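Close look at the chain arrangement
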Amino acid sequence: MSFNTFGHLFRVTTFGESHGPAIGCVIDGCPPRIPLTESDIQPYLDRRRPGQSRYTSQRQEPDAVKILSGVFVDEASGAQVTTGAPIALLIDNVDQRSKDYSDIKDKYRPGHADYTYDVKYGLRDYRGGGRQSARETAMRVAAGAVARKIVPGLNVRGALVQMGPHRVDRARWDWAEVDKNPFFCPDAKTAAMLGDYLDGLRKRGSSIGAVIEVVAEGVPAGLGAPIYGKLDGDLAAALMSINAVKGVEIGAGFGAAELSGEENGDEMRMGNDGKPLFLSNQAGGILGGISTGQPVVARFAVKPTSSILIPRRTVDRYGQETEIATTGRHDPCVGIRAVPIGEAMVACVTADHYLRQRGQVGETPAWPFTPPAR
Ligand SMILES: Cc1cc2nc3c(=O)[nH]c(=O)nc-3n(C[C@H](O)[C@H](O)[C@H](O)COP(=O)(O)O)c2cc1C
């Protein structure tokens, strides 16, 4: 069986193919009385949309979202709010060019999922890859916009921190830069060189990978469901489910292997707000699968786009050896548009765990505890 539903209490089911008439999702479990209109969702979709710069696919999709159900105008406030019923969202596909794919309909693109879909299902939608296409991720971004509204004070932001050999300089990190360049790069100096770098790659008909970092602030302490629903485990699964993602790390991640215990363990002091103050955040805001109240920090590695102009050796679905060179419209670095998608997945996981925490524990216990009388 295939599996198109994500989450436990905040549950998202997506549907639709890259070159079908529309894509959509149904969000079930969203609490009632949350103000929600299309204008809460559209800005996030606009950030993921293709065709916005010469560094992403030139497919022109307005990605205009429609809310089909699950909202109603609240008489008291006059605002459109969620009702608690399933929220169905729909986006029309308007710029499909299925002909682009007819030359490669029987051939498998190295690095793509053409072979695995064919060998599993016995057929595949070669028009843009059907469900294997990242077109589906537009619906994750739409669901993420709703998820952000569920957790009070949640702020989820993402940035591209590496493209090929070019890493950002963290000393120059400026969140305000992220929306000022077409790469979602927080370091203006690195961003300034990425354009020429990508132009060179595109001229060669090639592509490149990237690393994205997502930081969620305002995640309350106590979210996560040990043992098999740990917050870090669910984040890893959610980020890994994004197309082309090949690695996920939380906090120090793989770097923790090089650290000593005293370098890695985040020391604690008491903050002026009566909460613990961590002196560092190697844990990425999660200990024992439960949020600490520090920012949750996740990074994921995105592989280079598989559809490239450079001829590659492959086989076709009839077992013949052949060559393939992909034409059509593709992102030279899919990691760029993965930034808003990563943010959305982190928002969805956080909202799901926020509701699960409310369901099981209710109010998080008041901390610090009163010492027992002796
Ligand atoms: C935003 C985004 C856009 C993508 N666009 C393309 C594309 O134009 N061409 C391509 O070959 N792969 C593209 N991909 C990657 C493929 O969807 C992905 O590699 C493929 O489904 C195989 O899955 P896997 O890489 O996760 O194993 C894109 C991925 C993302 C996140």
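Report on the accompanying structure. Note that the structure is a prediction, hence the values are computed from the model and not measured. Going along each chain's sequence as written, the residues are numbered from 1 onward. In keeping with the model being predicted, local features are shown solely for residues with a pLDDT of at least 70 and side-chain atom pairs are shown and tallied solely at 80 or more, while totals for entire chains, interfaces and linings include all residues. Here the side-chain values reflect all heavy atoms present in the structure, with hydrogen atoms and water set aside.

1. Some details on unusual backbone geometry
Between proline 226 and isoleucine 227 the backbone carries a cis peptide bond, its omega angle lying at 5 degrees. Its place among the elements puts isoleucine 227 in the loop between strand 10 (210–217) and helix 5 (231–240). Backbone torsion omega between tryptophan 367 and proline 368 reads 5 degrees, so that peptide bond is classified as cis. Helix and strand assignments come from DSSP, with helices taken as H or I runs of at least 4 residues and strands as E runs of at least 2, each series counted from the N terminus. Tracing the sequence through the fold places proline 368 in the segment after helix 7 (338–360). Positioned with a positive phi, phenylalanine 184 is a non-glycine residue whose angle comes to about 55 degrees. Relative to the elements of secondary structure, phenylalanine 184 occurs in the loop between strand 9 (166–167) and helix 4 (188–203). Categorising residues by exposure relies on relative accessible area from a 1.4 Å probe, with only protein chains included: less than 20% of the type maximum marks a residue as buried, more than 50% marks it as exposed, and the intermediate range marks it as partly exposed. Exposure remark for phenylalanine 184: the relative accessible area of 9% places this residue in the buried category.

2. A short note on the pairing of strand 10
With respect to burial, strand 10 is a largely interior element, 7 of its 8 residues being buried. Pairing between strands is defined by DSSP: at least two bridges between the two strands are required. Across 8 bridges, strand 8 (residues 155–163) lies against strand 10 in antiparallel orientation. The residue of strand 10 that forms the bridge with methionine 163 is alanine 210. By the bridge criterion, 7 bridges tie strand 10 to strand 16 (residues 296–302) in an arrangement that is antiparallel. Each residue of the ladder has a partner; that of isoleucine 212, found in strand 16, is phenylalanine 300.

3. Looking at the pattern of salt bridges
We define a salt bridge as a side-chain nitrogen of Lys or Arg found within 4 Å of a carboxyl oxygen belonging to Asp or Glu. Following the criterion strictly, the structure yields 28 salt bridges and no others. Taking the shortest distance from any N to any O, the salt bridge between arginine 135 and aspartate 63 comes out at 2.7 Å. Remark: aspartate 63 occurs in the loop between helix 1 (38–48) and strand 4 (65–67) and arginine 135 occurs in the loop between helix 2 (114–121) and helix 3 (137–148); sequence separation between them is 72 residues. Here arginine 135 falls in the buried class, since its relative accessible area comes to 5%.

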